[in-house]
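Here are the chains, one letter per residue:
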Amino acid sequence: MRVILASRSPRRREILGDLGVEFEVVTADTDERSDFTDPEEYVKDIARQKGVVVARLVNDKDALIISADTVVVLDKEILGKPKSYEDACRMLRKLQGRDHKVLTAVSLNINGKTLTDHAETTVRFGEMTDGEIRRYVDSKEPMDKAGAYAVQGLASQYIDGIDGCYFNVVGFPTRLFAKMLKTLDLELENLK
C-alpha cells in the first residue's frame, strides 16, 4: 500500500519511521487557517485540510494520506507556532509554571474517505527566568513549534510532568494512529 505523510515535520517522519511504516513525503502549502474557534475542532480542521490538499495532488485513491496538526492550548487560547522572537518569549512566559493542553489531530484519507480525530495531553511547564526564556528562544528551537517549545529538545529541562501521550506532545500520537487504522480495517503491518 502506498503511504504518504503530508507533513514537513521531521519529528512526525521519525515517529512514523520508528513504527516501521514505509512512506513517502508529499507536502502542500496550506494557509493553516480555520473558522473554528474551539481548539479541538480547529486542530482537526487544519489536519483535515492538509490531507485533502495532498490527496488532490497525489490523485491516487488507494493511497493512505496521513496528515496532522498540533496546537498548545492555555486558558482556551490556541498557541500555534510563534510568529517572531518576541512572540515566542510571550508564549513561554504564559506557559511557565502552568499546566496546559497539547492537542494533535491526525487525519487519514483513503478511498475517498476521511477519518479525523485528536489526542489531548496535559503538560506541566516549570518556572523559567526571563534569562532562561531568552536563551531558549536564542537557540531557535522554539521557532517552528506549537507553543514555542519542543518537549523532546532543550525545553525538556523545564517540563515538570506529562499526563497523557508523550508522542502527542512531540507531534504524532501513535496510539491514536493505531486505533484510527483499525477503524479503517488496517493494521500497522499493512503499512510495512
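Okay, so let's go over this structure.

### As for the overall build of the protein chain
Next, step 1: Helix and strand counts for the protein chain come out as 6 helices and 7 strands.
Next, step 2: The C-alpha radius of gyration of the protein chain comes to 17 Å, within 12% of the 16 Å expected for a compact globule of 192 residues.
Next, step 3: The principal-axis extent of the C-alpha atoms belonging to the protein chain is close to 50 × 30 × 25 Å.
Next, step 4: Residue burial in the protein chain is summarised as follows: out of 192 residues, 49% are buried.
Next, step 5: For the protein chain, the proportion of contacts with a sequence separation of at least 24, taken over those separated by at least 6, is 65%.
Next, step 6: Taking the average place of the 29 positive charges on the side chains of the protein chain and the average place of its 33 negative ones, the gap between the two points comes to 1 Å.

### So, the nonpolar core
Next, step 1: If you look at the biggest cluster of nonpolar residues, it comprises 45 residues, and the most contacted ones within it are Ile66, Tyr149 and Phe177.
Next, step 2: When residues no more than four places from it in sequence are discounted, the contact partners of Phe177 are Leu16, Leu19, Ile66, Val106, Leu108, Phe172, Leu188 and Leu191.
Next, step 3: Counting residues in hydrophobic clusters, the runner-up holds 8 residues, among them Tyr42, Val43, Val71 and Leu103.

### Some remarks on helix α2 (residues 39-58)
Next, step 1: Between its first and last C-alpha atoms α2 spans 29 Å; for 20 residues at 1.5 Å apiece the expected length is 28 Å, and the two agree.
Next, step 2: Structurally, α2 contributes buried residues whose contacts are with β1 (3-5), α1 (10-18), β3 (64-74), β4 (77-79), β5 (99-110) and β6 (113-125).
Next, step 3: Trailing α2 by a residue or two, Asn59 shows a phi angle of about 55 degrees, which is positive.

### So, the side chain of Asp87
Next, step 1: Mapped onto the secondary structure, Asp87 falls in helix α3 (residues 85-95).
Next, step 2: On the basis of relative accessibility, which here comes to 13%, the residue Asp87 falls in the buried class.
Next, step 3: A distance of 2.9 Å separates a polar atom in the side chain of Asp87 from the backbone nitrogen of Lys83.
Next, step 4: There is a polar contact of 2.9 Å between the side chain of Asp87 and the side chain of Arg90.
Next, step 5: When sequence neighbours within four positions are dropped, the list of residues in contact with Asp87 reads Lys81 and Pro82.

### A few points about helix α6 (residues 174-183)
Working note: α-helix, 3.6 residues per turn, so residues spaced by three or four point in the same direction.
Next, step 1: Along α6, the residues classified as buried are Thr174, Leu176, Phe177, Ala178, Met180 and Leu181.
Next, step 2: Turning to α6, the residues buried within the fold contact α1, β3, β5, β6 and α5 (166-170).
Next, step 3: With its phi angle positive at about 60 degrees, Asp185 sits one or two positions after the end of α6.

### Points about the pattern of salt bridges
Next, step 1: Tallied over the full model, the rule gives 14 salt bridges.
Next, step 2: Taking the shortest distance from any N to any O, the salt bridge between Lys50 and Asp69 comes out at 3.0 Å. One end of the pair, Lys50, is in helix α2; the other, Asp69, is in strand β3, and 19 residues separate them in sequence.
Next, step 3: The partner of Arg93 in a salt bridge is Asp130, with the nearest N and O atoms 2.9 Å apart. You can see Arg93 sitting in helix α3 and its partner Asp130 sitting in helix α4 (residues 130-138), a full 37 residues away along the chain.
Next, step 4: Here the salt bridges share partners, and the residues they tie into one network are Glu77, Asp87, Arg90 and Lys94.

The rules behind the values
- Residues numbered from 1 in each chain as written.
- Predicted model: local features only at pLDDT ≥ 70, side-chain atom pairs only at ≥ 80, totals over all residues.
- Heavy atoms only, no water.
- Helix = DSSP H or I, 4+ residues; strand = E, 2+ residues; numbered from the N terminus.
- Rg over C-alpha atoms; globule rule 2.2 N^0.38 Å.
- Buried < 20%, exposed > 50% of the residue type's maximum accessible area, 1.4 Å probe, protein only.
- Contact = heavy atoms within 4.5 Å.
- Lys, Arg positive; Asp, Glu negative; His and termini not counted.
- Charge placed at Lys NZ, Arg CZ, Asp CG, Glu CD.
- Core = buried A, V, L, I, M, F, W, Y, C linked by side-chain atoms within 4.5 Å.
- Expected span 1.5 Å × (residues − 1).
- Polar contact = N/O pair within 3.5 Å; in protein donor to acceptor, adjacent residues only side chain to side chain.
- Salt bridge = Lys/Arg side-chain N within 4 Å of Asp/Glu carboxyl O.

The analysis is restricted to geometry; functional conclusions fall outside its scope.
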